[in-house]
Structure formats: structure tokens, C-alpha cells
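Understanding the architecture of this molecule
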Amino acid sequence: MTGRPRANIAAMPSYKPGKAAAEAEAEHGISDAIKMASNENPFPPIPAIVEAMTAAVTGVNRYGDNKATELRGAVADWLGVDVDMVTIGAGSSALLGQVADAFVESGDQIVYPWRSFEYYPILASRSGADAITVPLSDGRIDLDLVADAVTSETKIVFLATPNNPTGTALTTEAIAALLDRITTDTIVVIDEAYREFNDPAHGDPVEDLLPDHPNVLVTRTFSKGYGLAGLRVGYGVGHPDVIAQLEKVTAPFAVSNIAQAAALAAVQHHDEVMEVVGGLLEERSRVRTRLLDAGIGHPEPHGNFIWIPVGDRTDELALVLERTGVVVRPFPPEGLRITIGTTEQNDRWVDALVAQLTGE
Ligand SMILES: Cc1ncc(COP(=O)(O)O)c(C=O)c1O
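The structure contained in this document is the topic of the report that follows. (Residues numbered from 1 in each chain as written. Predicted model: local features only at pLDDT ≥ 70, side-chain atom pairs only at ≥ 80, totals over all residues. Heavy atoms only, no water.)

What about the packing of helix 1 (residues 21-28) against helix 12 (residues 314-323)?
Taken N-terminus to C-terminus, the directions of helix 1 and helix 12 make an angle of 85°; their axes are 10 Å apart at the nearest point. Of the possible angle classes, the one that applies to helix 1 and helix 12 is roughly perpendicular. Taking contact as the criterion, the partners of Ala24, Glu27 and His28 in helix 1 are, on helix 12, Leu319, Glu322 and Arg323. Across the contact of helix 1 with helix 12, the residue classes break down as two nonpolar, one polar and three charged. (Axes fitted to C-alpha atoms, helices over the stretch in contact; angles between N-to-C directions. Helix = DSSP H or I, 4+ residues; strand = E, 2+ residues; numbered from the N terminus. Parallel < 35°, antiparallel > 145°, perpendicular 65-115°, else oblique. Contact = heavy atoms within 4.5 Å. Nonpolar A, V, L, I, M, F, W, Y, C, P; charged D, E, K, R; others polar.)

Below you can see the structure in the form of C-alpha cells.
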């Protein structure tokens with residue numbers, strides 16, 4: 001071993017992304033594998049975004065604007081908030097890391113429902129915090145249990161809605177009731193990575209919660225709905241004091257100029273992007289119906305993925321699907337998370353899963 005890693009690093013969890021299609025092909029001697037394991041958008045970005053990125057390419061001899069001034073202004077206008085309530089990050093993951101860096105000290109508590117986004121335990125471990133997990137009930141987040149778990153030592157509550165991997169969503173009304181039960185000393189992060197796929201009836205935390213709750217931080221991303229996962233750009237919306245703390249701990253020039261240009265075009269052409277999302281939502285409901293018709297129960301999905309709670313069969317089924325060229329994300333011993341892709345991709349994984357679970 002070279003160097004002297006932190007004492008707790010050996011015990012730290014690490015992020016395990018879904019297997020790449022090429023990796024599965026090499027492992028199983030197959031071709032034409034598809035990756036349905038990372039909740040990516042199956043379609044390339046819309047032409048206006050590609051044009052904006054292309055135009056920005058020759059500018060990469062310079063760093064991107066450290067404050068992402070134009071993009072931040074456009075996001076603030078779009079959301080109807082002051083510009084000092086918005087920060088831009090290198091994906092919402094980076095923003096989640098910034099919240100932990102800015103607000104958590106060793107020995108503090110971070111509370112989150114579990115199972116949820118796998119980065120939360122890593123962030124707790126990284127900050128030396130105690131991770132207090134709250135069990136899901138049938139894949140759903142129970143906000144009463146979350147409120148019960150919060151103490152004066154709790155610095156952050158992470159709430160993913162829709163939740164990854166179960167796809168269930170919270171209403172802003174229910175989150176408001178949680179906020180009424182805890183003090184403003186705890187930052188409540190509402191992680192809306194899958195917002196574009198969510199039912200608008202669940203509410204908008206920026207409109208419904210931020211005006212009365214300075215301890216709420218909403219994080220969103222251009223990775224999923226907008227098809228920009230590989231660019232790494234997202235944004236956070238919150239009280240200016242919270243945003244100012246997050247900005248103290250960001251890496252210099254964290255968001256490239258190509259990413260800023262692409263995200264700006266995404267905001268400017270939001271309606272067009274939402275047409276692509278609309279097609280994925282139609283696919284999601286088609287897939288849901290097929291699964292339900294085959295007797296494969298699952299929680300109603302609100303993200304661009306479906307949670308199949310297959311319990312002890314999780315690893316076995318993931319392997320069988322992988323051998324047929326469909327890479328899914330196993331979370332043993334609970335279930336499989338499978339991304340909604342194109343019609344052809346979805347038919348491939350649904351056919352394979354139905355065959356395994358029903359023998360048809
Ligand atoms: C719940 C949740 N939050 C945040 C992220 C991070 O997304 P990104 O860093 O690409 O913005 C993901 C990615 O899968 C996620 O599932």
C-alpha cells in the first residue's frame with residue numbers, strides 16, 4: 001500500500017455502477033447486449049442541445065464559467081426564483097456531496113430511507129457521520145418514521161422522490177408535514193433526479209416548500225430526462241444561505257463549458273425535451289401493463305425505471321437476463337431495477353423476465 005488512507009476507508013462502501021453492455025458481452029460470449037441498469041435515457045439529446053454542445057467544443061481551451069452565470073440565470077428565471085437560490089453542479093451527485101461537505105461533521109447523523117440512492121451511505125461514511133436508515137414499507141418511504149428518526153444531531157435528511165430504486169413518490173403535502181415536525185437545523189434534501197418522469201400531481205417542492213422552509217434543498221439533474229448523463233450537470237435550489245455554503249465546497253470550474261451550453265439549451269428547449277420524456281412515459285405504462293397482465297407485481301413507477309421485487313431470486317434472475325443480453329441492476333436480496341428504454345429494448349427485457357417468472 002502506498003500513502004496513508006483515512007482510517008475508515010477500508011470499511012467504506014463504494015459506488016457500484018451497473019455493468020457496461022460490452023462487459024456483459026465479453027463475460028458471456030454474446031453480442032448485442034443492452035444496458036438497462038443505470039436509468040439512462042435511451043435517446044440522444046435533442047438536436048438543439050447537440051448544436052449547442054458542438055458550438056461550445058472549440059472553447060474548451062478555456063475553463064467553463066466558474067459561476068455558470070448564464071445557465072444559473074436561465075434556471076432561476078425558468079423556476080421563478082432569485083438567482084442566488086440556484087447553484088449549478090457537476091451532476092446532482094456532486095451537489096449531494098457538497099451538502100454533506102458543507103453541513104456534516106464527524107459524529108453527526110444523516111437520516112435517509114433505505115433502500116434508496118446508493119450514494120447516500122457513501123456520503124455518510126465519507127463525512128464520518130452515522131447513517132440512520134429508515135425502512136421502506138412496500139417500497140414506499142414512510143415520512144412518519146423518518147420524522148421519528150430525526151434528532152438534534154441530524155444534519156441532513158435525504159429524500160429521493162421518485163425513490164431510486166423503488167420508483168415510489170412523495171407528495172409535497174406529505175413532505176410539508178415532515179418539515180413541520182423537525183427543526184430548521186436539519187437540511188432536508190429533496191432529491192428529484194427523476195422529476196421529469198414524476199406525476200405533476202405530487203407537487204413541486206420549489207413552489208410548494210421552499211417559500212416557507214429555508215432548510216429545504218431541492219436537487220435536480222440534466223442526466224435523466226434531458227439525456228445528458230455523460231456530461232455531468234445538475235442544479236440545486238434552496239435558500240441563498242444554504243446555496244452560499246454549497247458554493248464554498250465546490251471544486252474549481254467543476255462544470256465544463258460544454259455541459260453549461262447543453263444545459264442552457266435544455267432549459268431553452270424544455271418543451272421539446274418533454275416530448276421525448278412523454279414517449280418514455282408511454283413506454284413505461286405499456287411495460288407496466290404487460291408486467292401486470294403477466295401477474296408480475298411491482299409498485300407504480302414514477303421514474304424512468306421499474307422495480308421488480310423478486311427477493312431471494314434477485315441475483316439468479318439478473319444473471320439469467322444478462323446471459324440473454326439484458327443488463328439490469330440487482331439489489332439482492334430485494335429486487336431488480338430495470339430502466340425504461342426504447343420499445344425494442346423494453347420488449348427484450350419484458351419477454352425475458354416474463355419467460356423466467358411465468359415460464360411463458
Ligand atoms: C436518486 C438519485 N439521485 C441522484 C442521482 C445522481 O444523478 P447525476 O449525478 O447524474 O445528476 C441519481 C443517479 O442515478 C439518482 O438515482
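Comments concerning the site of the ligand
Around the ligand sit Gly91, Ser92, Ser93, Phe117, Asn164, Asp191, Ala193, Tyr194, Thr221, Ser223, Lys224 and Arg232, and those are all the residues in its vicinity. Contact between the ligand and Ser93: an oxygen atom at 2.5 Å from a side-chain N or O atom of the residue. Taking Arg232, its side chain carries an N or O atom lying 2.7 Å from an oxygen atom of the ligand. For the ligand, the accessible surface in isolation is 400 Å², of which the surrounding protein chains cover 94%. Class assignment for the residues of the shell around the ligand results in three nonpolar, six polar and three charged. (Near = heavy atom within 4 Å. Polar contact = N/O pair within 3.5 Å; in protein donor to acceptor, adjacent residues only side chain to side chain. Areas by Shrake-Rupley, 256 points an atom, 1.4 Å probe, with all protein chains shown as cover.)

Remarks on the side chain of Thr219
Relative to the helices and strands, Thr219 is located in strand 7 (residues 216-221). Setting aside residues up to four positions removed in sequence, Thr219 forms contacts with Ser92, Leu95, Leu96, Val189, Ile190, Asp191, Glu192, Ala193, Tyr235 and Gly236.

What to know about empty space enclosed by the protein
Taken as a whole, this structure holds three cavities of 30 Å³ or more when the rule is applied. Here the largest cavity defines a volume of roughly 60 Å³. Lining the largest cavity are Asn41, Phe43, Pro44, Pro45, Ile46, Ile49, Gly225, Tyr226, Gly227, Val273 and Val276. Broken down by class, the residue content of the lining of the largest cavity amounts to eight nonpolar, three polar and no charged. (1 Å grid on protein atoms, 1.4 Å probe; cavity = no way out; pocket = protein on both sides within 12 Å on 5 of 7 lines; lining within 4 Å. Points joined across faces, edges and corners; volume = space filled by probe spheres on them.)

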